[in-house]
Amino acid sequence: MLTIWNFVGLLSLGIPGVVRLVSTSAIATEVQERSALALAQDSGTAAKHTEGFAQSQAVETLLSDTASKLAETTPDDERENALIEEQPEAISQFTSVSQLSDVQPTDWAFQALQALVERYGCITGYPDSTYQGNRVLTRYEFAAGLNACLRGLNEQLENRLAQLSSEDIATLKRLQDEFATELATLRERVENLEFRTVELEARQFSPTTRLSTSIVFAASDLSGDTADGNPDTRIDSNLTLNHRTRFNFITSFTGKDRLLVRLQASDRVPNFNGVSDTNMTRLSFEVGNTNNSLRANLLEYRFPVGEKLTIYLYGNAASHHYYTTVLNPYFASFGGAKGSPSRFGDRNPIYRIGNTTGAGAAAVYRFNEALRLDVGYLAQNAEITTSGSGLFGGTYSALAQLSFKPLSNLELGLTYIRNYSADGNLTHRTGSNFSNIPFGNDIPLLSNSYGVAALWRVNPKLALSGWFGYIDARRADGIEGQADIINYAVNLAFPDLLKTGAVGGLGFGMPPKVIDNVVAYREDTGTGLHFEAFYEYPLTDNIKVIPGIIYLTNPEHNNTNSNIFIGTVRTVFNF
């Protein structure tokens, strides 16, 4: 049975429909006209249909004048729910329930509405469609219930599921007159919400642009032996606290394209190669220093051509991993906002080759759900017109990658990168110094790099990824010179470890190493290994903490150098 406690919940049912009520005078006029028409008909079948139609029109008139306004105000369920959620605060501004007890169970209005509910089941949601209770109601609670009943009656009459007697129509008219003030007040509250919604929509940043923000605070330090070939020197370093802040403005003009404008600011993010003498200590959130000034960091525009092809255009700060898949989803860090604490563990270093901080273009073609081809061309100084620069005259990096999924939980990738470096620096900035500059400073080189990668999602709680990379570097100044450089990694990820949304990671690999070089003294004689672990723990939907450790053996691939230990804790805010 419907208790009076249930009836309090009718407030949320009645409020959205209250804007459909018309003035008391209009109600009286229509009810009198329709009542007269109903009483003039005989009891035949045709007359019953006519009477039902007239009664439906009468109740519809009570509700129709503002129905169109409701449709405009609440174009979807989300907007209507927003109005409902606003009501408790609005109604709390009136006298409280304990102070305003105007409708008693013994009052004629209470009993009249109860009779209508029991006779026509016009308040739905209760098994026996009854309306009973034993405590007083505020007039606003009662008005909301009355409005809900009117809506229910209108639906029944439209579907010819009920017919009203002239007495019931008169009762409805009297109830409308009695509670006209409360209904009008509720209507005014909804109209105020409508006005405030329009104001908010007018003041929003843009109907097509949204802003996302990513902030990384990192506390980091390292200890061990300086990688300078002298076993007696120690790293002299102190704990640091740094930040990296990004504002991403994302705009769509067609609903399928995307323009990304990224602004970035940072303080002097620790580049630990300065105190350690090796790029092997570099961290994933090292994105350059702006001295806390906000600067344009990335300009990207992507758009589809047909159903399978997507084109990417870059104005600056381009990198291959922005458009291609690196098959390392749990370790990929996106500038330190997630995943691996190290630059090496982030992805195969060959994706970084070419110091590609300039402009370029790329394309992704999806043959089907299992097979895709990525191609891209990025130039370091595409905007400079002088000789040795421009889009094709200076340092560039061109990529082609084929990735495919033989199984739903297994993905494989084959990567090829062609690079010309005018200054002789491959600039992947991981591994040994020789693996970055195999022939010496300002000796131009050409390189062909090859990568094989795999991602195996063993089960929902375990994923295995890894890669092998090979770089064939050759002098480009007419003098014979060739170097072979390799690197590899194996990573284990544990999604939802201890908490939904958390990720644990264990990584192992060998950063880039020169295994053979015509310039013999620039060949790495030892082997250094990289070990890391991290745990990405979400505190809330917008905040996460990522502690991580890195352990390096024989830094710079030099057996003379002792081990290095790095610790870092990142706190990431995304909103």
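Since the model is a prediction, treat every value here as computed from it, not as a measurement. Numbering of residues starts from 1 in every chain and runs along the sequence as written. Given that this is a predicted model, residues contribute local features only at a pLDDT of at least 70 and side-chain atom pairs are listed and counted only at 80 or more, while totals for whole chains, interfaces and linings are drawn from all residues. Note that the side-chain values use all heavy atoms of the structure and ignore hydrogens as well as water.

Right, let's talk about the overall build of the protein chain for a bit. Helix numbers and strand numbers start at the N terminus; a helix is a DSSP run of H or I with at least 4 residues, a strand a run of E with at least 2. The helix and strand tally for the protein chain stands at 14 helices and 16 strands. The rule is simple: take the accessible area with a 1.4 Å probe, protein chains only, and divide by the maximum for that residue type; under 20% is buried, over 50% is exposed, in between is partly exposed. Counting all 575 residues of the protein chain, 49% fall into the buried class. Within the protein chain, residue pairs in contact and separated by at least 24 positions form 66% of the contacts whose partners lie at least 6 positions apart. We call two residues in contact when some of their heavy atoms are within 4.5 Å.

Here we come to the pattern of salt bridges. Whenever a carboxyl oxygen of Asp or Glu lies within 4 Å of a side-chain nitrogen of Lys or Arg, that contact is scored as a salt bridge. For the structure shown, the criterion picks out twelve salt bridges. Among the salt bridges present, the one from D472 reaches R474, with a minimum N-O distance of 3.3 Å. By sharing partners, the salt bridges in this structure join R258, E300 and R302 into a single network.

A few words on the packing of aromatic side chains. Ring pairs are drawn from Phe, Tyr and Trp, using the six-membered ring of Trp, whenever the two centres fall within 6.5 Å, and their geometry is named by plane angle: stacked under 30 degrees, edge-to-face over 60, tilted for the rest. Here the structure, examined in full by the defined rule, presents 17 aromatic pairs. Taking 6.3 Å as the distance between ring centres and 45° as the angle between the ring planes, the aromatic pair formed by F531 and Y551 counts as tilted. Within this pair, whereas F531 is found in strand β14 (residues 529-538), its partner Y551 is found in strand β15 (residues 543-553), the two being separated by 20 residues in sequence. Among the residues examined, F531 registers a relative accessible area of 33% and is labelled partly exposed. Relative to Y537, the ring of Y535 lies with its centre 5.9 Å away and its plane at 40°, an arrangement referred to as tilted. What makes Y537 partly exposed here is its relative accessible area of 30%. By way of ring pairs, the aromatic residues Y312, Y314, Y322 and Y323 are connected into one cluster.

Working convention: axes come from line fits to C-alpha atoms, limited for helices to the stretch in contact. Angles between N-to-C directions cover 0 to 180 degrees. Put simply, helix α8 (residues 139-158) and helix α9 (residues 166-178) touch, their axes get as near as 11 Å, and they point 145° apart. In this structure, the crossing between α8 and α9 has a hand that is left-handed. Across the interface between the two elements, R139, F142, L146, L150 and L153 from α8 touch L172, L175, Q176 and E178 from α9. The handedness criterion is simple: a crossing whose near helix is rotated anticlockwise from the far helix by less than a right angle is left-handed, and one whose near helix is rotated clockwise is right-handed.

A separate point is the packing of helix α7 (residues 108-120) against α8. One can describe the packing of α7 onto α8 by two numbers: an axis separation of 11 Å at closest approach and a directional angle of 30°. Classified by the angle between their axes, α7 and α8 sit roughly parallel to one another. Seen along the crossing, α7 lies across α8 with a hand that is left-handed. Listed contacts from α8 to A109, F110, L113, L116, V117 and Y120 of α7 are F142, G145, L146, C149, L153 and Q156. Amino acids are sorted into nonpolar (Ala, Val, Leu, Ile, Met, Phe, Trp, Tyr, Cys and Pro), charged (Asp, Glu, Lys and Arg) and polar (every other residue, Gly among them). Of the residues belonging to the contact of α7 with α8, the class tally is ten nonpolar, two polar and no charged. Angle categories: roughly parallel below 35 degrees, roughly antiparallel above 145, roughly perpendicular from 65 to 115, and oblique for all the rest.

Moving on, we come to the pairing of strand β13 (residues 503-517). Of all 15 residues in β13, eleven are buried; the element is thus mostly enclosed. Strand pairing is assigned whenever DSSP detects at least two bridges linking the two strands. Taken together, the twelve bridges between strand β12 (residues 482-495) and β13 define a ladder with antiparallel strand orientation. Paired with A493 across the two strands is G505, which belongs to β13. Pairing of β13 with β14, which is carried by seven bridges, proceeds in the antiparallel orientation.

Quick look at empty space enclosed by the protein now. If you roll a probe as big as a water molecule over the atoms, it shows you where there is empty space left. Space inside and on the surface of the protein is sampled on a 1 Å grid over the protein atoms alone, with a cavity defined as a set of points where a 1.4 Å probe fits but cannot get out and a pocket as an open set with protein on both sides within 12 Å along at least 5 of 7 lines; lining residues have an atom within 4 Å of a point. Grid points are joined across faces, edges and corners, and a volume is the space filled by probe spheres set on the points. One pass over the full model with this rule turns up one cavity of 30 Å³ or more. The computed volume of the largest cavity comes to approximately 40 Å³. Lining the largest cavity are V326, N348, Y351, T415, G451, V452, A453 and W467. Looking at the lining of the largest cavity element by element, the count peaks at three residues for strand β10 (residues 445-459). The residue inventory of the lining of the largest cavity, partitioned by class, reads five nonpolar, three polar and no charged.

This part covers α9. A helix is expected to span 1.5 Å multiplied by its residue count minus one. Over its 13 residues, α9 runs 18 Å from end to end, which matches the ideal 18 Å to within 8%, given 1.5 Å per residue. Within α9 the residues assigned to the buried category are S166, D168, I169, L172, L175 and Q176.

This part covers the environment of I311. With respect to the helices, strands and loops of the structure, I311 is situated in strand β5 (residues 309-316). The buried category is assigned to I311, whose relative accessible area is 19%. On a C-alpha basis, the gap between I311 and V364 in space is 6.6 Å, while along the polypeptide they are 53 residues apart.

Once that is clear, we can look at unusual backbone geometry. Residues other than glycine seldom take positive phi values, yet L327 does so here, at roughly 55°. As for its position among the elements, L327 is in the loop between β5 and α12 (343-346).

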